[in-house]
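This is what each chain is made of:
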Amino acid sequence: MNIEIERKYRVTDTSYRAQATRCTYYKQGYLSAAPAATVRIRIAGDQAFITIKGTTTGCSRQEYEYPIPVADATRMLDSLCQSGLIEKRRYLYPYAGHTWEIDEFMGDNEGLIVAEVELQSESEAVQLPPFIGREVTGDPRYYNSCLAQNPYKNWDEKE
């Protein structure tokens, strides 16, 4: 079984850009955003994927991801996905033995920057980079599937 274990945080500044090892444009949408299982179509740079994710428990959930042709992903994003596509730039930032993924959201989620780190276990200790703010692991507002339906621009309370 494929298990994704990750913690997610708000980002306080853009200092990570200076040491990021890569920046990739992402566009993604959801065929299904049901609580029991989300089905995502994603174009990441020049690659595309279909991903199925299960319900989150703590900071873990089942995840299955498979490559698909970019042309197919483009058609699915244009015609099959629910409204509310996610666009973001993802920076990779190596720090203290982990690779952090920092997402700068665009479009209706402009202004939101979130960092996540994948772990080997839920109890694994992780050293936080200096730009990390409040932890938002488990807060459904920060799930990309939720941001597609209720974008950051509509939030009553912005941090």
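Further up the page is the structure itself.
Below or above, wherever it landed, is the structure these notes cover. Everything numeric here is computed off the predicted structure, so don't read it as measured data.

1. Brief notes about the pattern of salt bridges
Okay, step 1: Counted according to the given criterion, the structure contains 15 salt bridges.
Okay, step 2: Between Glu-63 and Lys-53 there is a salt bridge, with the nearest N and O atoms lying 3.3 Å from each other. Separated by 10 residues along the polypeptide, Glu-63 in strand β5 (residues 60-68) and Lys-53 in strand β4 (residues 47-54) bring together distant segments of the chain.
Okay, step 3: With relative accessibility at 18%, the residue Glu-63 sits in the buried group.
Okay, step 4: Here Glu-104 makes a salt bridge to Arg-89, at a shortest N to O gap of 3.4 Å. Pair noted here: Glu-104 is in strand β7 (residues 98-105) and Arg-89 is in strand β6 (residues 86-95), with a separation of 15 residues, a long-range link.
Okay, step 5: Given the relative accessible area of 29%, Arg-89 is considered partly exposed.
Okay, step 6: The network of salt bridges with shared partners includes Lys-8, Lys-88, Arg-90, Glu-101, Asp-103 and Glu-116.

2. A look at unusual backbone geometry
Most of the time, phi is negative for any residue but glycine, and the peptide bond is trans.
Okay, step 1: Residue Ala-96 is not a glycine yet carries a positive backbone phi of 50 degrees.
Okay, step 2: Topologically, Ala-96 is positioned in the loop between β6 and β7.
Okay, step 3: You can call Ala-96 partly exposed: its relative accessible area is 45%.

3. Considerations on the pairing of β5
Okay, step 1: Sheet topology note: the strand β1 (residues 3-11)/β5 ladder contains 3 bridges and is antiparallel. The residue of β5 that forms the bridge with Glu-4 is Arg-61.
Okay, step 2: In terms of strand pairing, β4 meets β5 through 6 bridges, oriented antiparallel. Considered in β5, the bridge of Ile-50 is made with Tyr-66.
Okay, step 3: Between β4 and β5, which pair antiparallel one after the other, the connecting turn spans 5 residues, and Gly-58 there sits at a positive phi close to 70 degrees.

Rules and cut-offs
Residues numbered from 1 in each chain as written. Predicted model: local features only at pLDDT ≥ 70, side-chain atom pairs only at ≥ 80, totals over all residues. Heavy atoms only, no water. Salt bridge = Lys/Arg side-chain N within 4 Å of Asp/Glu carboxyl O. Helix = DSSP H or I, 4+ residues; strand = E, 2+ residues; numbered from the N terminus. Buried < 20%, exposed > 50% of the residue type's maximum accessible area, 1.4 Å probe, protein only. Pairing = 2+ DSSP bridges.

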